[in-house]
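As a plain string of letters, each chain reads:
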Amino acid sequence: MQLVRGLHNLRPRHRGCVATIGNFDGVHRGHQAILARLRERAAELGLPSCVVIFEPQPREFFSPDKAPARLTRLREKLQLLSEQGVDLVLCLAFNRRLRELSAAEFVHATLVEGLGVQHLEVGDDFRFGCDRAGDFDFLLKAGAAEGFSVEAATTIEVDGERVSSTRLRQVLAEGDLACAEALLGRPFGITGRVMHGQKLGRQLGAPTANVQLKRRNTPLSGVFLVSLELDGKSLAGVANIGMRPTVESDGKPHLEVHLLDYQGDLYGRLVQVTFHRKLRDEQRFASLEALKTAIDADIAAARDYWRASPLMTSQD
């Protein structure tokens, strides 16, 4: 899969494709249905498939402090799109200049002049352009005028409700990881690099890997049973994700993973943490001793769970 950042980096060889546009945050089953149809149409027309995304996501540009929690960072999103067989990703910087483009200007600059789109696959609720004036009907008319076809993606439902990034954030906030997995088609996970932290876990007898989140807020918080993917192995553990209310906070969310019976240096490693079950909410303890007692109980619960689970084991 090829990544192109910005219209100015498009070349003549990129013209002529089947495209879709959106945030694709989470690359959930609804997105996967769009991408499956994209691949089908690309194969039928003998053209490459292209996904147009925005960075930052529009709501992060307009209201960074109130934007919904990211389900996937750009790195994770690109990996998931690659796994879905996408040929090209055009990542547009969402800035004031892009925000001020009218729907017609966006279509002409991006779809017609930039990509030479022959077919466009979008959700029927997709909106774009200055003041979100562009919609599916607008694209139908633009396509008829500019020579590309437009098709609405089929809505995917789970338990009678539409699959969406909004719904996925809701079930994650509720700690319903089984429903999240049904919406995603895979367990929910976060990828990040292990960084140096305060070493507090080590002081409390439970050393942790401090996984970099690069998010203003997270879609879930609390203490979870997790596994960590490293060098092709799945290592069992327990993790806290959130604001760490008992210790001095820097105002940012943290993901700290304690691996059961693991000995090794993870600093600087890029790892994936998969969330399997919620143990409890984050809470503020009266003392570090009370926090240590809770951590010991969490680790004991994790050992019991992984010992009984036929799917995951700690390092061997």
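Residues numbered from 1 in each chain as written. Predicted model: local features only at pLDDT ≥ 70, side-chain atom pairs only at ≥ 80, totals over all residues. Heavy atoms only, no water.

The helix and strand inventory of the chain stands at 10 helices and 14 strands. Taken against the 2.2 N^0.38 rule, which gives 20 Å for 316 residues, the C-alpha radius of gyration of the chain at 22 Å falls within 12% of a compact globule. By principal-axis analysis of the C-alpha atoms, the chain measures approximately 70 × 40 × 40 Å. Burial analysis of the chain (316 residues in total) assigns 49% to the buried set. The long-range share in the chain, meaning contacts at least 24 apart out of those at least 6 apart in sequence, stands at 73%. (Helix = DSSP H or I, 4+ residues; strand = E, 2+ residues; numbered from the N terminus. Rg over C-alpha atoms; globule rule 2.2 N^0.38 Å. Buried < 20%, exposed > 50% of the residue type's maximum accessible area, 1.4 Å probe, protein only. Contact = heavy atoms within 4.5 Å.)

In this section: helix 6 (residues 136–146). Of the positions making up helix 6, those classed as buried are F136, L139, A142 and G143. Seen end-on, helix 6 carries its buried residues on one side only, within an arc spanning 115°. In helix 6, the exposed positions that point more than 90 degrees away from the buried face belong to K141, A144 and A145. Buried positions along helix 6 lie against helix 5 (103–114), strand 5 (117–122) and strand 6 (149–152). Sitting at the amino-terminal end of helix 6 is D135, which places a side-chain oxygen 3.3 Å from the backbone nitrogen of D137. Positive backbone phi, approximately 90°, marks G147, located one or two places after helix 6. (Arc of directions from axis to C-beta. Polar contact = N/O pair within 3.5 Å; in protein donor to acceptor, adjacent residues only side chain to side chain.)

Moving on, we come to the sheet that holds strand 12 (residues 233–242). One closed barrel holds the 6 strands; their spatial order is 9-10-13-12-11-14, and the pairing between them is antiparallel. Across this sheet, the average inter-strand angle for adjacent strands is 45°, counted without regard to direction. Sitting on the sheet, helix 10 (residues 288–308) is in contact with strand 11 (222–230), strand 12, strand 13 (254–259) and strand 14 (270–280), with an inclination near 100° to strand 14. (Pairing = 2+ DSSP bridges. Axes fitted to C-alpha atoms, helices over the stretch in contact; angles between N-to-C directions.)

Burial analysis of strand 2 (residues 17–21) places 5 of its 5 residues in the buried class, the great majority of the element. Across the two faces of strand 2 the burial is the same, with C17, A19 and I21 and V18 and T20 all buried. The sheet contact formed by strand 2 and strand 5 spans 3 bridges and is parallel. In the strand pairing of strand 5, A19 is matched with L120. Taken together, the 4 bridges between strand 2 and strand 3 (residues 49–55) define a ladder with parallel strand orientation. The partner of V18 across the bridge, within strand 3, is S49. Following the backbone out of strand 2, through helix 1 (residues 29–45) and into the adjacent parallel strand 3, one traces a crossover that is right-handed. (Right-handed = clockwise from strand over helix to strand, strands pointing away.)

On to the sheet that holds strand 4 (residues 88–93). Read across the sheet, 6 strands follow the order 1-4-3-2-5-6 without closing on themselves; strand pairing throughout is parallel. Here the strands that pair on one side only, and so sit at the sheet edges, are strand 1 (2–5) and strand 6. When the angles between neighbouring strand axes are averaged without regard to direction, this sheet yields 25°. Helix 1 contacts strand 2, strand 3, strand 5 and strand 6 of the sheet and is inclined by roughly 165° relative to strand 2. The strands touched by helix 6 are strand 5 and strand 6; relative to strand 6, the strand with the most contacts, the crossing angle is about 155°.

What follows covers the packing of aromatic side chains. With the rule as written, the count across this model stands at 11 aromatic pairs. Taking 6.3 Å as the distance between ring centres and 40° as the angle between the ring planes, the aromatic pair formed by F54 and F106 counts as tilted. One end of the pair, F54, is in strand 3; the other, F106, is in helix 5, with 52 residues separating them in the sequence. A relative accessible area of 8% means that F54 is categorised as buried. The buried category is assigned to F106, whose relative accessible area is 5%. (Phe/Tyr/Trp six-rings, centres within 6.5 Å; stacked < 30°, edge-to-face > 60°.)

Relative to the helices and strands, G143 is located in helix 6. Residue G143 is classed as buried on the basis of its relative accessible area of 2%. Sequence separation of G143 and N210 is 67 residues, and the distance between their C-alpha atoms is 48 Å. Sequence-distant contacts of G143, that is, excluding residues within four places in its chain, are made with F148 and V150.

Mapped onto the secondary structure, S165 falls in helix 7 (residues 165–173). In contact with S165, not counting residues within four places along its chain, are D25, H28, H31 and L71.

Take the packing of helix 5 against helix 6 next. Viewed as axis vectors pointing N to C, helix 5 and helix 6 meet at an angle of 50°, and their least axial separation amounts to 11 Å. In this view, helix 5 runs oblique relative to helix 6, as classed from their interaxial angle. Two packed elements cross with a definite hand, and for helix 5 against helix 6 that hand is right-handed. In this structure, helix 5 contributes A103, A104, V107, H108, L111 and V112 to the contact, and helix 6 contributes F138, L139, A142 and E146. In terms of residue class, the contact of helix 5 with helix 6 is built from 8 nonpolar, 1 polar and 1 charged. (Parallel < 35°, antiparallel > 145°, perpendicular 65-115°, else oblique. Left-handed = near helix turned anticlockwise from the far one by under 90°. Nonpolar A, V, L, I, M, F, W, Y, C, P; charged D, E, K, R; others polar.)

In short, geometric facts, not functional conclusions.
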